[in-house]
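As a plain string of letters, each chain reads:
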Amino acid sequence: MTASSSTATPGRVRVAVAGLGWAGREIWLPRLAAHPRFAVTAVVDPDPAARERARATHQVPSAYADVDDVPAGAVDLVVVAVPNHLHAGVAARLLRRGVPVFLEKPVCLTSAEAEQLAEAERAGGAVLLAGSAARYRADVRALVEATADLGAVRHVDVAWVRARGVPDAGGWFTRRELAGGGALVDLGWHLLDTVLPLLGPSPVAHAVGSVSDDFVNDDAAAAAWRGTAADTGRARGDVEDTARAFLLTADGTSAGLHACWASHEARDRTTIAVHGTGGSVTLHCTFGFSPNREPTPVLTRTRDGETVRLPLPVEPIGAEYDRQLDVLPELLAAPASRGAAAADARRTIDVIERIYRCARPTAPTYALAGTLDR
């Protein structure tokens, strides 16, 4: 452990970043360090070299190997950006100590982990907040506002299809025991976080789908823009690079989902189309940080045979993460935040689990998988 004392700036949230992999190092740490409402007082990672680089780069006063080493009362919030299989366990340990947590997606990998987080939040009396950056995109917000004129929503299509974007090929991202899944857990979490609110409060009664792995072990399909080259001596990945699913709520609203790390497309693209009784709205954009993206987000509304383009603000890549940080202090203090992230995660992971059960059947009950009476 390396540590030094520091005096928190009044009015700023004292935050520690736990996990200095790509997300912690490239997304959260620099944004938190630059944000006027946060003071990064600690970093946590088992790798001493990663800790020291982060301290030196962002002038962080304290560094620890494990979240249990962070002294009680030293921070107001811990941003947890560790590998997927550690998310729920690390967050639960902090919550039970009464330490508030902002947990990067996927919030959990199983329904049991969702319950573990909910129990830890209740036991420690600290709030759990969740990474849900897609909701904070200006174009997604504009789409949601435009759906107010569509009448009853009947169907939503969501897709995030990358041309070449298998993350950290050969690392934990492509190992099911460590990642929990492939494109469905990674990209699909963002898509479900976007689509489920559009479907309304009715529970998802059916979730069926399929997965495939045509690209996950292809070196040419690796996400070179993440700054990690494919490991030629790696073990073969055992997760899917593509998932397709169909959801149906108890009141008959449906959704189609397509999450894809790699494909034969020329560009990475994200599409959200909402169809209602009074027309449809469609957003074409690209989620995430890939430079191989649609040049400009486009939002259109179609009604009675006429399609019109709706105005969208211009924002830099990654602005949604800054916007989420803008509201974190208020969410941290709001009583209504207690239990909300765990409830959202429970709904999301339930859908993911049912899609996987359908896509990877162990018995000839394929047509029955994914119903409420499971």
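Residues numbered from 1 in each chain as written. Predicted model: local features only at pLDDT ≥ 70, side-chain atom pairs only at ≥ 80, totals over all residues. Heavy atoms only, no water.

Naming follows an unreviewed UniProt entry, where the chain appears as Oxidoreductase of Micromonospora sagamiensis.

A. Region of the structure containing the overall build of the chain. If you tally the helices and strands in the chain, you get nine helices and 14 strands. Computed over its C-alpha atoms, the radius of gyration of the chain comes to 21 Å, within 12% of the 21 Å expected for a compact globule of 374 residues. Projected onto the principal axes, the alpha-carbon positions of the chain cover approximately 65 × 45 × 45 Å. Counting only residues that meet the buried cut, the chain has 53% of its 374 residues in that class. Sequence-distant contacts, at least 24 apart, represent 74% of the contacts inside the chain between residues at least 6 apart. For the chain, the centre of its 39 positive side-chain charges and the centre of its 44 negative side-chain charges are spaced 2 Å apart. (Helix = DSSP H or I, 4+ residues; strand = E, 2+ residues; numbered from the N terminus. Rg over C-alpha atoms; globule rule 2.2 N^0.38 Å. Buried < 20%, exposed > 50% of the residue type's maximum accessible area, 1.4 Å probe, protein only. Contact = heavy atoms within 4.5 Å. Lys, Arg positive; Asp, Glu negative; His and termini not counted. Charge placed at Lys NZ, Arg CZ, Asp CG, Glu CD.)

B. How the structure looks around the environment of His 258. Among the structural elements, His 258 can be located in strand E10 (residues 254-260). By relative accessible area, which is 19% here, His 258 ends up buried. In sequence terms His 258 and Glu 52 are 206 residues apart; their C-alpha atoms lie 40 Å from each other.

C. The arrangement of the pattern of salt bridges in detail. Under the defined criterion, the tally for this structure stands at 18 salt bridges. Salt-bridge contacts for Arg 346 lead to Glu 115; the nearest nitrogen and oxygen are separated by 2.6 Å. With Arg 346 in helix H9 (residues 340-359) and Glu 115 in helix H4 (residues 111-124), the pair connects residues that are 231 residues apart, well separated along the chain. The class for Arg 346 is partly exposed, based on a relative accessible area of 30%. Look at Glu 115 and you get partly exposed, because its relative accessible area is 39%. Sharing partners across several salt bridges, the network here consists of Asp 66, Asp 68 and Arg 93. (Salt bridge = Lys/Arg side-chain N within 4 Å of Asp/Glu carboxyl O.)

D. Spotlight on helix H1 (residues 22-34). Along its 13 residues, H1 runs 18 Å from first to last C-alpha, staying within 8% of the 18 Å computed at 1.5 Å per residue. Trp 28 marks where H1 bends most, by close to 35 degrees; the proline Pro 30 follows one to four residues later. Where H1 is concerned, the buried positions are Trp 22, Ala 23, Gly 24, Ile 27, Trp 28, Leu 29, Arg 31 and Leu 32. Those residues of H1 hidden inside the fold are in contact with strand E1 (13-18), strand E2 (38-44), helix H2 (48-58), strand E4 (77-80), strand E5 (101-103) and helix H8 (319-333). (Expected span 1.5 Å × (residues − 1). Bend = angle between axes of the 7 residues up to and from the residue.)

E. Representation of the pairing of strand E11 (residues 269-276) in the model. Where burial is concerned, most of E11 is hidden: six out of the eight residues are buried. As paired elements, E11 and strand E12 (residues 279-285) share seven bridges and run antiparallel to each other. By the bridge assignment for E12, Gly 276 is matched with Gly 279. Adjacent in sequence and paired antiparallel, E11 and E12 are bridged by two residues. (Pairing = 2+ DSSP bridges.)

F. Seen up close, the UniProt feature "domain: Gfo/Idh/MocA-like oxidoreductase N-terminal" (unreviewed entry) in the chain. Feature annotation in UniProt assigns "domain: Gfo/Idh/MocA-like oxidoreductase N-terminal" (unreviewed entry) to the following positions: residues 13-130. With 41% helix and 22% strand, residues 13-130 has its two end C-alpha atoms placed 17 Å apart. (UniProt positions renumbered as here; feature names shortened; annotations may be inferred.)

G. The sheet that holds E11, seen in detail. The eight strands are arranged E8-E9-E10-E7-E11-E12-E13-E14 in an open sheet whose pairing can be described as mixed. The open sheet has two edge strands, strand E8 (204-212) and strand E14 (306-310), and neither has a second partner. Adjacent strand axes in the sheet meet at a mean angle of 10 degrees when their direction is disregarded. Sheet topology places strand E7 (residues 153-161) next to E11; eight bridges connect them, and they run antiparallel. By the bridge assignment for E11, Val 156 is matched with Val 274. (Axes fitted to C-alpha atoms, helices over the stretch in contact; angles between N-to-C directions.)

H. The domain arrangement of the chain, seen in detail. Considered domain by domain, the chain is made up of domain 1 (13-131) and domain 2 (138-334 + 347-359). Inter-centroid distance (C-alpha atoms) of domain 1 to domain 2 is 25 Å. Across the contact, 28 residues belong to domain 1 and 27 residues belong to domain 2. It is Trp 22, Arg 31 and Lys 105 that lose the most area in domain 1 upon contact with domain 2, and together they represent 26% of the buried surface on that side. Summed over the shared surface of domain 1 and domain 2, the number is three salt bridges. On the surface where domain 1 and domain 2 come into contact, there are 10 residue pairs in polar contact (both at pLDDT 80 or more). Elements with a minimum of two residues in the side of domain 1 that touches domain 2: H1, H4 and strand E6 (128-130). In terms of residue count, H1 provides more of the side of domain 1 that touches domain 2 than any other element does, five residues in total. When its residues are assigned to classes, the side of domain 1 that touches domain 2 shows 18 nonpolar, six polar and four charged. (Domains from an automatic or database assignment. Buried area = accessible area lost by both parts, 1.4 Å probe. Polar contact = N/O pair within 3.5 Å; in protein donor to acceptor, adjacent residues only side chain to side chain. Nonpolar A, V, L, I, M, F, W, Y, C, P; charged D, E, K, R; others polar.)

I. Representation of the state of the cysteines. On inspection of all chains with the given rule, the structure shows zero disulfides. Cys 358 forms no disulfide, and the closest cysteine sulfur to it belongs to Cys 260, at a distance of 18 Å. Look at Cys 358 and you get buried, because its relative accessible area is 2%. (Disulfide = S-S within 2.5 Å.)

J. Molecular detail of the packing of aromatic side chains. In the structure shown here, the tally under the stated rule is seven aromatic pairs. Note on Trp 28 and Tyr 321: the rings are 5.4 Å apart at their centroids and 75 degrees apart in plane angle, and the pair reads as edge-to-face. With Trp 28 in helix H1 and Tyr 321 in helix H8, this pair connects stretches of sequence that are 293 residues apart. For the pair formed by Trp 28 and Tyr 321, the shared burial category is buried. Where Trp 172 meets Phe 173, the ring centres are 4.3 Å apart and the plane angle is 15 degrees; that geometry is what we call stacked. Note on Phe 173: relative accessible area 10%, which makes it buried. Each member of the aromatic cluster is reached from another via a ring pair, and the members are Trp 22, Trp 28, Phe 102, Phe 289 and Tyr 321. (Phe/Tyr/Trp six-rings, centres within 6.5 Å; stacked < 30°, edge-to-face > 60°.)

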